[in-house]
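Structural description and commentary
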Amino acid sequence: MGNLKEIKARITSISSTMQITSAMKMVSAAKLRRAQDAITQMRPYSQKLQEILTNVSGTLDLSENAYADARAVNRVLIIAISSNRGLCGGFNNNITKRVNHLIKNEYPMTDVHVLSVGKKVNDAFKNTKYNVRPDQIGGAEEMFNDLSFERAAEVAQFAMDSFVNKTYDEVLVIYNQFKNAAVQEVMTEQLLPIAATEVEGEVQTSNGDYIFEPSKEEIITDLIPKTLKLQFYKSVLDSNASEHGARMTAMHKATDNASSLQKDLKLEYNKARQAAITNEILEIVGGAEALKGG
Amino acid sequence: MRLEIITPDKKLFEGEVDAVSFPGIDGSFQVLKGHAPIISTLKEGRIKVSLSNDEKEIDMLSGEIENDPSNDRIIRLSIKGGVVEMQNDKIIVLAD
């Protein structure tokens, strides 16, 4: 049983840590709400864009498009989305693990480059041969300082350009998909080449009625980069919401652990205190007995 | 007819309008009530909106909207590009 002063000091330090973790939890909860709002804001745009695209491309073959060119894969770009800050459980680690797993198992013979969005994954890859320096691509480095569509679009544009000029034959995005505040799932999505368009259920195409200005083909070439940018933006927003969710959960657990630790220490403190009192009484009684006897 | 202008980040404008001019990729054009369904890409420029008279107040959802000094029923919005779809007197602009 440690001495009283020691235990007291530990209790104080744990309570102050608890204050920090619970404050961080609150902050994350507030940021999570904002991040979720951003996702909700984007949804009507993405729905409408999808709708217009299906309206236009109902009869059109996409395989002609430069972004749909599926060729032999020699060079791969992996865009790994993490966060700038830690203290969010396995959030960043899971991304790093998935990237390493992909490099080892899926692309052992391929030339792989990793573009990290967010400091944490960049820290993991900046000294490896896979690294693409994010500070050379506008928007990638400061993505989370001020999250906006424009920044995400810059990164997506870089990926699109390097796909078209054949620097990379495939572009993958790895991020934490937001399930709910406590659950994130690491997702690997193929950004380029565009996978064959899935027909999602029965989309009513009122195709014939529309006037297309200037022409169907040109609208398609204009829309496809937009959908790609949007898809990437969606991943970034999802990752952002997941980050705050993960941090909230991690901080909640930390606060719980701290309070149970605090409880145990208080018990120990009280026991030690009582033992000290008992000892003192024994000494006094012993002294009194000795005096009486003399 | 109803006009909605949205970007991935936010909604720029929503309201009842009489006429809208767009900076189309092949030149500017205007749509009025009853226009045939159209999908068009837009280039950088300004969308000019004539507000409908029964639209009492509009939400200035973004600072990018400017009022016309001579006519308070006309507003202008700068966009960098986008797509417009009109169908059944409902116009939706996806701006960049």
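Right, let's walk through the structure included here. (Residues numbered from 1 in each chain as written. Chains lettered and ligands numbered in written order. Predicted model: local features only at pLDDT ≥ 70, side-chain atom pairs only at ≥ 80, totals over all residues.)

What about the pairing of strand S4 (residues 38-42) of chain B?
Within S4 of chain B, 4 of the 5 residues are buried, which leaves the element mostly enclosed by the surrounding structure. Across 3 bridges, the pairing between strand S6 (residues 211-213) of chain A and S4 of chain B is parallel. Counterpart to glutamate 213 of chain A in the pairing with S4 of chain B is serine 40 of chain B. Alignment of S4 of chain B against strand S8 (residues 82-87) of chain B, held across 5 bridges, turns out to be antiparallel. If you follow isoleucine 38 of chain B over to S8 of chain B, its bridge partner there is methionine 86 of chain B. (Buried ≥ 20, exposed ≤ 12 C-beta atoms within 10 Å, placed from the backbone. Helix = DSSP H or I, 4+ residues; strand = E, 2+ residues; numbered from the N terminus. Pairing = 2+ DSSP bridges.)

Brief notes about the interface of chain B and chain A
In this complex, chain B contributes 18 residues to the contact, which on the side of chain A involves 23 residues. Listed by contribution, the elements that provide at least two residues to the side of chain B that touches chain A are S4, S8 and strand S9 (90-95) of chain B. Counting residues per element, the side of chain B that touches chain A draws most heavily on S4 of chain B, which supplies 4 residues. Across the side of chain B that touches chain A, the residue classes break down as 10 nonpolar, 4 polar and 4 charged. (Contact = placed C-beta atoms within 7 Å. Nonpolar A, V, L, I, M, F, W, Y, C, P; charged D, E, K, R; others polar.)

Describing the sheet that holds strand S2 (residues 111-117) of chain A
All names here are of chain A. Ordered in space as S3-S2-S1-S4-S5, the 5 strands form an open sheet in which the pairing is mixed. Only two strands of the sheet have a single partner each, and these edge strands are strand S3 (131-132) and strand S5 (183-192). Strand direction decides the pairing type here: S2 and S3, joined by 2 bridges, are parallel. Residue valine 114 lies in a different strand from S3, and its bridge partner there is asparagine 131. Lying on the sheet, helix H2 (residues 91-106) is in contact with strand S1 (75-81), S2, strand S4 (170-180) and S5; it crosses S5 at an angle near 40 degrees. Relative to S5, helix H4 (residues 149-164) is tilted by about 40 degrees, and along the sheet it contacts S1, S2, S4 and S5. (Axes fitted to C-alpha atoms, helices over the stretch in contact; angles between N-to-C directions.)

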